[in-house]
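# Topology and contacts: notes
Residues per chain are reported as follows:
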Amino acid sequence: MTIKSDRWIRQMSQDHGMIEPFESGQVRYKGDEKLISYGTSSYGYDVRCADEFKVFTNIHSATVDPKAFDEKSFVDVKGEYCIIPPNSFALARTVEYFRIPEDVLTVCLGKSTYARCGIIVNVTPLEPEWEGHVTLEFSNTTTLPAKIYAGEGVAQMLFFQSDERCETTYKDRGGKYQGQTGVTLPRT
């Protein structure tokens, strides 16, 4: 198994639509405004956060149950940024739509800019032949409100290619999050 380089990421995105929309280099500015970078890096791709968020709230005193998740536990927010309350979390999605090749596993790690502010990004691996917008979870581990910027870099995807195809891909088994768009809540 090997980690894939910037050349491979560019080729797969341009020839096979692996990442759409795709940025072939690192974007650090929008005009004169400095951004949290996104786009292709040496051995990964820095994804952007879209402008739609679901912020966790406990106004209904619900129990968090992954088998029966209550949508009323979230407040929808749309905008250039999102404020996450102290010791809480928000869900968002990537701007980019992914189509993962059949022999590739993709792992997501948070960007250091957010990590240094106590904001943890959590994403499960993108399995072979999975496709969709990636649902992102931002945990605010601090005792202060935290700000997440839409349209800017929030996490880095690393692509690992196996020396053989797995027996059953995510698509083969009809995974429940296949083709997801928007911010996707837990499904059973």
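Scroll up for the structure.
Residues numbered from 1 in each chain as written. Predicted model: local features only at pLDDT ≥ 70, side-chain atom pairs only at ≥ 80, totals over all residues. Heavy atoms only, no water.

What follows is about the nonpolar core. If you look at soluble globular proteins, the nonpolar side chains tend to sit buried side by side. By size, the foremost hydrophobic cluster in this structure holds 36 residues, and its most contacted members are F98, F138, I148, V154 and F159. Ranked by the residues each element gives to this core, the list is headed by strand 14 (residues 153-161), at four residues. Aside from chain neighbours lying at most four places away, what touches V154 is V47, R48, C49, G110, K111, Y114, V121, L136, F138, I148 and Y149. By size, the runner-up hydrophobic cluster in this structure holds six residues, among which are F56, F69, V183 and L185. (Core = buried A, V, L, I, M, F, W, Y, C linked by side-chain atoms within 4.5 Å. Buried < 20%, exposed > 50% of the residue type's maximum accessible area, 1.4 Å probe, protein only. Helix = DSSP H or I, 4+ residues; strand = E, 2+ residues; numbered from the N terminus. Contact = heavy atoms within 4.5 Å.)

Glancing now at helix 1 (residues 6-16). Of all the residues in helix 1, the buried ones are W8, I9, M12 and S13. The arc that holds every buried residue of helix 1, seen down its axis, measures 125°, which confines them to one face. The outward face of helix 1, more than 90 degrees from its buried face, is lined by the exposed residues R7, Q14 and D15. Next to the buried residues of helix 1 lie strand 2 (19-20), strand 4 (33-41), strand 5 (44-48), strand 10 (104-110) and strand 14. (Arc of directions from axis to C-beta.)

Turning to the pairing of strand 6 (residues 52-56), a few remarks are in order. A large share of strand 6 lies buried, amounting to four of its five residues. The pairing of strand 6 with strand 7 (residues 74-78) spans five bridges and is antiparallel. Paired with K54 across the strands is D76, a residue of strand 7. Of the strand pairs in this sheet, strand 6 and strand 9 (residues 89-99) are connected by two bridges, and their pairing is antiparallel. Bridge pairing in strand 9 places V55 opposite A90. (Pairing = 2+ DSSP bridges.)

Turning our eyes to something else, we now look at a nonpolar patch on the surface. Judged by side-chain polarity, Y81, I83 and Y149 come together as a nonpolar surface patch covering roughly 270 Å² of accessible area. Structurally, Y149 is set in strand 13 (residues 146-149). (Patch = residues over 30% accessible without salt bridge, like charges linked within 9 Å, V, L, I, M, F, W, Y side chains within 5 Å. Areas by Shrake-Rupley, 256 points an atom, 1.4 Å probe, with all protein chains shown as cover. Salt bridge = Lys/Arg side-chain N within 4 Å of Asp/Glu carboxyl O.)

Attention now goes to the layout of surface pockets. In this structure, the largest pocket encloses a volume near 590 Å³. Every residue lining the largest pocket is counted, 23 residues in all, and those nearest its centre are T124, T135, Y177, Q180 and T184. Breaking the lining of the largest pocket down by element, the ones donating at least two residues are strand 9 and strand 12 (131-140). In terms of residue count, the dominant contributor to the lining of the largest pocket is strand 12 (three residues). Here the residues of the lining of the largest pocket are counted per class, giving 15 nonpolar, five polar and three charged. In this structure, the second largest pocket spans a volume of roughly 210 Å³. Listing elements by their share of the lining of the second largest pocket, those giving two or more residues are strand 4 and strand 13. (1 Å grid on protein atoms, 1.4 Å probe; cavity = no way out; pocket = protein on both sides within 12 Å on 5 of 7 lines; lining within 4 Å. Points joined across faces, edges and corners; volume = space filled by probe spheres on them. Nonpolar A, V, L, I, M, F, W, Y, C, P; charged D, E, K, R; others polar.)

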